[in-house]
Amino acid sequence: MREIIQKNKSCETKYPILLIHGVFFRDSTRINYWGRIPKELEKNGAKIYYGNHQSADSVKKSGEEIAERIREITALTGAKKLNLIAHSKGGLDCRSAIARCEIASLVASLTTINTPHRGCAFADYLLKNVPEKIKNKIADTYNYTLKKLGDPNPNFLAAVQDLTEENCITFNNDISGTSHTENIFCQSVGSKLIKATGGNFPLNLTYHLTKIFDGDNDGLVGENSFPFGEKYLFLLPPGKRGISHGDMVDMSRRNIDGFDVRKFYVELVSDLKARGF
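Residues numbered from 1 in each chain as written. Predicted model: local features only at pLDDT ≥ 70, side-chain atom pairs only at ≥ 80, totals over all residues. Heavy atoms only, no water.

1. Overview of helix H8 (residues 203-214)
Residues separated by three or four positions in an α-helix point in the same direction, a consequence of the helix having 3.6 residues per turn.
Right, so step 1: Helix length check: H8 (12 residues) gives 14 Å between terminal C-alpha atoms against 16 Å at 1.5 Å per residue, more than 12% under.
Right, so step 2: Three or more residues of H8 are buried, namely Leu203, Thr206, Tyr207, Thr210 and Asp214. End-on, the buried residues of H8 take up no more than an arc of 120°, which puts them together on one face.
Right, so step 3: Residues of H8 that are buried sit in contact with helix H4 (121-129).
Right, so step 4: The first or second residue beyond H8 is Gly215, which carries a positive phi of 75°. (Helix = DSSP H or I, 4+ residues; strand = E, 2+ residues; numbered from the N terminus. Expected span 1.5 Å × (residues − 1). Buried < 20%, exposed > 50% of the residue type's maximum accessible area, 1.4 Å probe, protein only. Arc of directions from axis to C-beta. Contact = heavy atoms within 4.5 Å.)

2. Concerning the layout of surface pockets
Right, so step 1: Each pocket or cavity is described by its volume, and for the largest pocket that value is around 930 Å³.
Right, so step 2: Lining the largest pocket are 36 residues, and of these Phe24, Phe122, Pro202, Thr206 and Leu220 lie nearest its centre.
Right, so step 3: Residue assignment for the lining of the largest pocket shows that the elements contributing at least two residues are H4, helix H5 (132-148), helix H6 (156-161) and H8.
Right, so step 4: The residue makeup of the lining of the largest pocket, split by class, is 24 nonpolar, nine polar and three charged. (1 Å grid on protein atoms, 1.4 Å probe; cavity = no way out; pocket = protein on both sides within 12 Å on 5 of 7 lines; lining within 4 Å. Points joined across faces, edges and corners; volume = space filled by probe spheres on them. Nonpolar A, V, L, I, M, F, W, Y, C, P; charged D, E, K, R; others polar.)

3. Focus on the sheet that holds strand S4 (residues 107-113)
Pairing between the strands of a sheet is mediated by backbone hydrogen bonds and can be parallel or antiparallel.
Right, so step 1: Pairing in this open sheet of six strands is parallel, and the strands run S2-S1-S3-S4-S5-S6 from one edge to the other. Of all strands in the sheet, those bounded by a partner on one side alone are strand S2 (48-50) and strand S6 (231-235). Across the sheet, the axes of successive neighbouring strands diverge by a mean angle of 20°, strand direction being ignored.
Right, so step 2: This element, helix H3 (residues 89-100), spans strand S1 (17-20), strand S3 (82-87) and S4 of the sheet and lies at about 140° to S3. (Pairing = 2+ DSSP bridges. Axes fitted to C-alpha atoms, helices over the stretch in contact; angles between N-to-C directions.)

4. Overview of the environment of Arg241
Right, so step 1: With respect to the helices and strands, Arg241 occurs in the loop between S6 and helix H9 (261-274).
Right, so step 2: When sequence neighbours within four positions are dropped, the list of residues in contact with Arg241 reads Leu193, Ile194, Lys195, Gly198, Asp247, Arg254 and Ile256.
Right, so step 3: Among the polar contacts made by the side chain of Arg241, one reaches the side chain of Asp247 at a distance of 2.8 Å. (Polar contact = N/O pair within 3.5 Å; in protein donor to acceptor, adjacent residues only side chain to side chain.)

5. Focus on a nonpolar patch on the surface
Right, so step 1: Judged by side-chain polarity, Tyr125, Leu126, Leu209, Ile212 and Phe213 come together as a nonpolar surface patch covering roughly 430 Å² of accessible area.
Right, so step 2: For the nonpolar patch, the elements supplying multiple residues, two or more each, are H4 and H8.
Right, so step 3: Under the relative-accessibility criterion, Tyr125 is labelled partly exposed at 39%. (Patch = residues over 30% accessible without salt bridge, like charges linked within 9 Å, V, L, I, M, F, W, Y side chains within 5 Å. Areas by Shrake-Rupley, 256 points an atom, 1.4 Å probe, with all protein chains shown as cover. Salt bridge = Lys/Arg side-chain N within 4 Å of Asp/Glu carboxyl O.)

6. Digging into the pairing of strand S5 (residues 185-191)
Right, so step 1: Taken across its seven residues, S5 has seven buried, putting it largely inside the fold.
Right, so step 2: Burial along S5 is two-sided: the face carrying Phe185, Gln187, Val189 and Ser191 and the face carrying Cys186, Ser188 and Gly190 are both buried.
Right, so step 3: Where S4 meets S5, five bridges bridge the pair, whose relative direction is parallel. Considered in S5, the bridge of Leu110 is made with Cys186.
Right, so step 4: As paired elements, S5 and S6 share five bridges and run parallel to each other. Across the sheet, Gln187 pairs through a bridge with Lys231, a residue of S6.

7. Here we look at the state of the cysteines
Right, so step 1: A complete count under the given rule lists zero disulfides for this structure.
Right, so step 2: Take Cys120: it sits in no disulfide, and the sulfur closest to it among the cysteines is that of Cys168, at 7.0 Å.
Right, so step 3: For Cys120, a relative accessible area of 6% puts it in the buried group.
Right, so step 4: The class for Cys168 is buried, based on a relative accessible area of 1%. (Disulfide = S-S within 2.5 Å.)

Here it is as structure tokens:
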């Protein structure tokens, strides 16, 4: 167990923090999806937990996994609620968990980071134009590999299909009649990648496709898809590079001029504390 030397208690929130990863990744103690962020939050008093859900599945099934994890953590710790911070598809998964799995009373806040709330138009294009044989081959290879790595039943195509603009519209309509977030503080964050070369592979390639179909983007998700909740923050640091989808979870452990990702999360969690969460 690593030793955490606390600097102060600015991130010591009333309720623990649950970090929810995005699609095609798994929580790991060796290579943390969230980079240097969790350690920095813990140094400042935060209590951190992870979703531990599998890497790829439909929004509905991923939401069910997250709901079960929320119940598990609250039962284990005695905490009445949790603060959810979710990246990418994880934000949709959390919204599904809250709307469909009767765990809204266990959630104090939901912060989505670069989540495609309105989907990705270029994902619709790719799914419709990639030959069926190739799609199935990619899916079978992915599912086989991730089963070997510990996922019980990964579903590559179900995950990708739920990120399309068409399916996100359906998802939003399906849960629009519920008041599932009525007593939950919801906010969202998005960022803009200015130059394709600023993003690591494959974001340096998907940036161009996303720009054609979705306009300004983070290398994967269009800017118009980010806003959700009562507070929205759009990040655009000075300079010519911008901030990519992966930069928002410190995936490359890279220091960016004008943007300190660790400081950003400390300020984000400090604000949750100030709001009484």
